[in-house]
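Letter by letter, the chains look like this.
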Amino acid sequence: MKPLIECVPNFSEGCDRDVIDAIAASIRGVPGAALLHVDIGEAANRTVMTFVGSPDAVSEAAFRAIRSATERIDMRHQQGVHPRIGAADVCPFIPLRGATLADCAHIAASVGARVATELLVPVYLYGDAARTPTRRSLARVRVGQVEALLDRLQTPDGAPDLGPSTGAHIARTGAIAIGARKPLIAFNVNLNTRDVRKARRIAAQVREGGRDGLPAVRAIGWFIDEYRCCQVSLNLVDYERTPPHVAFDTICRLAEQVGVRVTGAELIGLSPLAAMRTAGQHYLRRQGASPGEPDDVLIEVAAQSMGLRSIRDFSANEHILERRLRRDGPLVSATVREMVDRVSSATPTPGGGSVTALCGAMSAALASMVTGLARNAGKEDDLAALEATAIEAQALKDEYLNEIDEDTQAFARYLAARRMPRRTPAQIARRDHALKETTQAIIAVPLAGMRRAERLLRCAEHAAQVFPDALSDVGVTVQLALAAAEGSWGNIAINRHFLNDSEAAARYLAEADDLLERIRTHAETLRETVRRALI
């Protein structure tokens, strides 16, 4: 798996669109770096950009963006309510896939060295890239902000990790904090007051270490003239410890204690899907509804419950990280008629693998529907078990949906490997290696589907137990799950012949045989249960 790194630099400019566009263009100009989102805050005079790519591409794009910002932003005249120490104020690197925080710390140090030597900008390394414990905290790095920077650079505590401590140009460029961290959620909660003292009081209470402190939460209170209200501005540095809905609900409670109300919130940058999914499930439970709903429903419930459209737009496709990283494939995004027509055409793909995955997805969707109906009807005392089944079925549905296009893509890579040249011994070796890898991939997809089918039947069994009113739907769930398993077994059995490794082929088929035997036995038991109940 190729490493994928996220970078979320913050620049001290939110008003001059020419400057912002120039910085964005410097990122877009790097091959392999994809600019996902640009969040411009005029009142805070700050812009947050989010881009991803390989380690090399992200490193180069980050350096070019920092260079562009330091050339165009003059900190001697910059004003804004957000804490900052430089034109390119902060530049964190975040591991997304196939990378670690240690890898990102290495990237931060490498980019920091270039910024220090080529741009002569003082560099503080923070977070997991910090060289001293006191600089793990970004707030500690920005003590005194840019107004105190020149004096602070001359002190032992304020000396930079990299780059100069003196120079007339520093008054213009400021310094920069470059680091490595986990994914962070930044969002601001709106209050129906212009009294900044109340916003600051709430921020002091909610931040980690405060009277009602939440773990891994950074908070400040400010007044935003653009919105004509105060906000509590939050950084959730570990959203798994404190999810956004927990912070939001806590601020709602604290606001009432000081006689004000929360009127909504705004998301800054992008949010991981898991955070919005968890928030949607939380608010559905509070409504007495099943949390086992599709992601689009969960995201919308979260957005409405926290008022994420109260002062600016919010869109799942624009503000959820995973949606920006990956769009639905051509088969999943097709209409039912388009999908059926494509399958019916005289081409090898989409074929049985994609249809098998579609059967699994529909089976999982029905399992979630039935358990969700049972939960909403209060059919079982153990609501937690019902909710867990509905949520698992939704996850299985999404995995099967991904498999619809993955099967076609895996087969396309196999065909490409077959077309590789084989005129020289080196070419033959490369082709043989590619054929082995791509054949393993086209076997791995249906094998994962069979494992899912076994889990799916357990969901169907629970659905049958708790909601007999929908036993006919459970019957369809079982039939489709069995079809998905049988179809997957067939794809494994036929494709193993193309694997130039008899031992591996035998292992794959043995696992598939064992899975199919268990699935058939379980499915037949469930089908008989349904038949008897319906008759």
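Model, not experiment: these values are computed from the prediction.

Colleague: Explain the pairing of strand β8 (residues 185–191) to me, please; I cannot follow it from the model alone.
Modeller: On a regular strand, one side chain projects to one face of the sheet and the next to the other, so that they alternate. The element β8 is extensively covered by neighbouring structure, given that seven of its seven residues are classed as buried. Neither face of β8 is left uncovered, since the one carrying Ile185, Phe187, Val189 and Leu191 and the one carrying Ala186, Asn188 and Asn190 both have all their residues buried. Of the pairings in the sheet, the one linking β8 to strand β10 (residues 229–236) comprises seven bridges and is antiparallel in character. Bridge pairing in β10 places Val189 opposite Val232. Strand direction decides the pairing type here: β8 and strand β11 (residues 262–268), joined by six bridges, are antiparallel. Bridged to Asn190 within β11 is Gly264.

Colleague: Even after reading the chapter, I still don't get the layout of surface pockets, so can you show me in this structure?
Modeller: Rolled over the atoms, a probe as big as a water molecule pinpoints where empty space is left. Of the volumes computed, that of the second largest pocket is approximately 1100 Å³. Looking at the lining of the second largest pocket, the elements with two or more residues in it are α9 (273–286), α10 (295–305), α12 (321–325), α14 (352–376) and α15 (383–418). The greatest single-element share of the lining of the second largest pocket, amounting to ten residues, is contributed by α15.

Colleague: What is the right way to read the pairing of strand β9 (residues 217–224) from this model?
Modeller: Alignment of β9 against β10, held across eight bridges, turns out to be antiparallel. Bridge pairing links Val217 to Leu236 in β10. Following β9, the chain reverses through four residues before pairing antiparallel with β10; Arg228 in that reversal takes a positive phi of roughly 60 degrees.

Colleague: Explanation requested: the pattern of salt bridges in the structure shown.
Modeller: Any two side chains of opposite charge can pair, so long as their charged atoms come close to each other. Inspection of the entire model under this criterion finds 39 salt bridges. A salt bridge links Asp89 to Arg46, with the nearest nitrogen and oxygen atoms 2.7 Å apart. With Asp89 in strand β5 (residues 88–97) and Arg46 in strand β4 (residues 46–53), this pair connects stretches of sequence that are 43 residues apart. Under the relative-accessibility criterion, Arg46 is labelled buried at 6%. Between Lys182 and Asp238 there is a salt bridge whose closest N-O contact spans 3.5 Å. With Lys182 in the loop between β7 (176–180) and β8 and Asp238 in the loop between β10 and α8 (244–257), the pair connects residues that are 56 residues apart, well separated along the chain. Using a relative accessible area of 42% as the deciding quantity, one classes Lys182 as partly exposed. For Asp238, a relative accessible area of 13% translates into the label buried. Taken together, the salt bridges that share partners define one network made up of Glu392, Glu399, Glu403, Arg452 and Arg455.

Colleague: Help me out: how do you make sense of the sheet that holds β10 in this one?
Modeller: Pairing is antiparallel in the open sheet, where four strands are placed in the order β9-β10-β8-β11. For this open sheet the edge positions go to β9 and β11, each flanked by a neighbour on one side alone. Within the sheet, the average angular offset between the axes of one strand and its neighbour, ignoring direction, is 25 degrees.

Definitions and limits used
Note that residues are indexed from 1 along each chain, following the sequence as it is written. Reporting of local features is limited, given that this is a predicted model, to residues whose pLDDT is at least 70; pairs of side-chain atoms are given and counted only at 80 or more, and all residues count toward the totals for whole chains, interfaces and linings. Computation of side-chain values covers all heavy atoms of the structure but excludes hydrogens and water. Type-normalised accessible area, obtained with a 1.4 Å probe on protein chains alone, sets the label of each residue: buried when under 20%, exposed when over 50%, and partly exposed for intermediate values. Strands are runs of DSSP state E lasting at least 2 residues, helices are runs of H or I lasting at least 4, and numbering of each runs from the N terminus. When DSSP finds at least two bridges between two strands, those strands are taken to pair. Only protein atoms enter the 1 Å grid, on which a cavity is a set of points fitting a 1.4 Å probe that cannot get out and a pocket is an open set with protein on both sides within 12 Å along at least 5 of 7 lines, lining residues being those with an atom within 4 Å of a point. Grid points are joined across faces, edges and corners, and a volume is the space filled by probe spheres set on the points. Salt bridges are defined by distance alone: a side-chain nitrogen of Lys or Arg within 4 Å of a carboxyl oxygen of Asp or Glu. Axis definition: a line fitted to C-alpha atoms, limited for helices to the stretch in contact. Angles are taken between N-to-C directions and run from 0 to 180 degrees.

As far as function goes, none of this settles anything; it's purely spatial.
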